[in-house]
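# Analysis of the macromolecular model
So you can see what is in the structure, the chains are spelled out below.
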Amino acid sequence: MKGGGGGGFRLFFLSSGNSRRIPLRLRQLPAGSSFKIKLLLFWRGYTIVMNTWKRNDLLKQSVVHYASCVGVESIRIVWSEPDRPSDSLRHALWEAAQLNCKSCNGIELKFDINEEDSLNNRFKEIMDIKTDAIFSIDDDVLFPCTSVELAFSVWQSAPTAMVGFVPRMHWPDKVKENKERYRYGGWWSVWWTGTYSMVLSKAAFFHKKYLHLYTNHMPVSIRHYVTEHRNCEDIAMSFLVANVTGAPPIWVQGRMFEIGSSGISSMGGHSERRSQCLDLFAEIYGHMPLVATSTKVIDSRHSWFW
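Each chain carries its own residue numbering, running from 1 in the written order of its sequence. Reporting of local features is limited, given that this is a predicted model, to residues whose pLDDT is at least 70; pairs of side-chain atoms are given and counted only at 80 or more, and all residues count toward the totals for whole chains, interfaces and linings. Here the side-chain values reflect all heavy atoms present in the structure, with hydrogen atoms and water set aside.

Note the following rule: UniProt positions are given in the numbering used here, feature names are shortened, and annotations may be inferred rather than shown by experiment.
Per an unreviewed UniProt entry, the protein chain carries the name Glycosyl transferase 64 domain-containing protein and comes from Musa acuminata subsp. malaccensis. Under the UniProt heading Cofactor (unreviewed entry), the entry covering the protein chain gives this text: "Mn(2+)". Entered under Sequence similarities (unreviewed entry) in the UniProt record, the comment concerning the protein chain runs "Belongs to the glycosyltransferase 64 family."

This is the structure we're talking about:
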């Protein structure tokens, strides 16, 4: 969308397979209607669900940054550490959120305390979330607010989809014992082929109903596997959403700043463990629900080639 002097988005869905540009049509507004644009895009806002683990400095840095993004209604911190957050940490984060928020009403900031240390906690159902939209984010990755706002507007146009910044792919590998096997494709696989079937939940929008489905209706054996092996909760969520919708996710191109040390993805054997998750989860579901696509969303204001 382009306003004649306003600050509106001009967006395209770019399909790398055939280089077609598919416009994402948002409501047209008169020139200079920047306030109305924000009102239409963010009238319901979104809740940030931030996963953290023993790095309070990064947590504060992330809260300060994301509190400044337009549309943030609430920040929920997923806390699975053995010791509860101190009063000083709670106060510092709340104060940082209020000082940096763009809303006159301030931002709600709450800790969701978990007794068990499990990666499933990042998708545990939160009963008092007021917005439909969830922005799931790790505490060690930052995206510019303009990118987050773009992704939110895309999610509003497709609220049953996962809309995220970090794409991955599943590749058919071989057939063994009459069962299809799969290979996990990381970033370079996506970059080389232009094809993906997942967006990782370290930076993705999705509907809050998927928290309920993950907690209460996803196969229990998958949650047990995630807890035991401390991996693949993001793949589990991608399977869940794809199984519900029968559709692919949506990749929004955005520049990511990693402010923490390398995680489990940098460890040896990571791709092999992720491939095992693909095989196991597909076997549990009885089919492979992930759907591949080559479509991505770019903001043409910040791209030389679109």
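## Some thoughts on unusual backbone geometry
Going by this rule: Think of it this way: any DSSP run of H or I at least four residues long counts as a helix, any run of E at least two long counts as a strand, and we number them from the N terminus. Here's how the labels work: a residue is buried when its accessible area is under 20% of the maximum for its type, exposed when over 50%, partly exposed in between, all with a 1.4 Å probe on protein chains only.
Positive phi, close to 50°, is recorded for R230, a residue that is not glycine. Looking at the secondary structure, you find R230 in the loop between α7 (220-229) and α8 (233-245). At C232, a position not held by glycine, the phi torsion is positive, near 75°. Among the structural elements, C232 can be located in the loop between α7 and α8. A residue is classified by how much of its surface remains accessible, and C232, at 0% relative accessible area, is buried.

## What about the side chain of D139?
Put simply, the rule is: In protein, a polar contact means a hydrogen-donor-capable atom and an acceptor-capable atom, both N or O and within 3.5 Å, with residues adjacent in sequence counting only if both atoms are side-chain atoms; elsewhere, any N or O pair within 3.5 Å suffices. Contact definition: two residues touch when any of their heavy atoms are within 4.5 Å.
The residue D139 is located in the loop between β6 (133-138) and β7 (141-142) in this model. Here R55 takes part through its side chain, which lies 2.9 Å from a polar atom of the side chain of D139. Among residues more than four places away in sequence, those in contact with D139 are M50, N51, T52, W53, R55, L58, L59, S62 and I259.

## Thoughts on the state of the cysteines
We count it as follows: When the sulfur atoms of two cysteines come within 2.5 Å, that pair is taken as a disulfide.
Applying the stated criterion across every chain yields a total of two disulfides. Between the sulfur atoms of C69 and its disulfide mate C145 the distance is 2.1 Å. Residues C69 and C145 share a disulfide whose torsion about the S-S bond is about -80°; that sign makes it left-handed. Remark: C145 occurs in helix α4 (residues 145-157) and C69 occurs in the loop between α2 (56-67) and β4 (72-79); sequence separation between them is 76 residues. For the pair C69 and C145, a shared accessibility class is recorded, and that class is buried. With its sulfur 1.9 Å from that of its partner, C232 forms a disulfide with C277. Note on the C232 and C277 pair: the S-S dihedral is about 85°, so by sign convention the disulfide is right-handed. Placement of the pair is C232 in the loop between α7 and α8 and C277 in helix α9 (residues 270-285), with a sequence separation of 45 residues.

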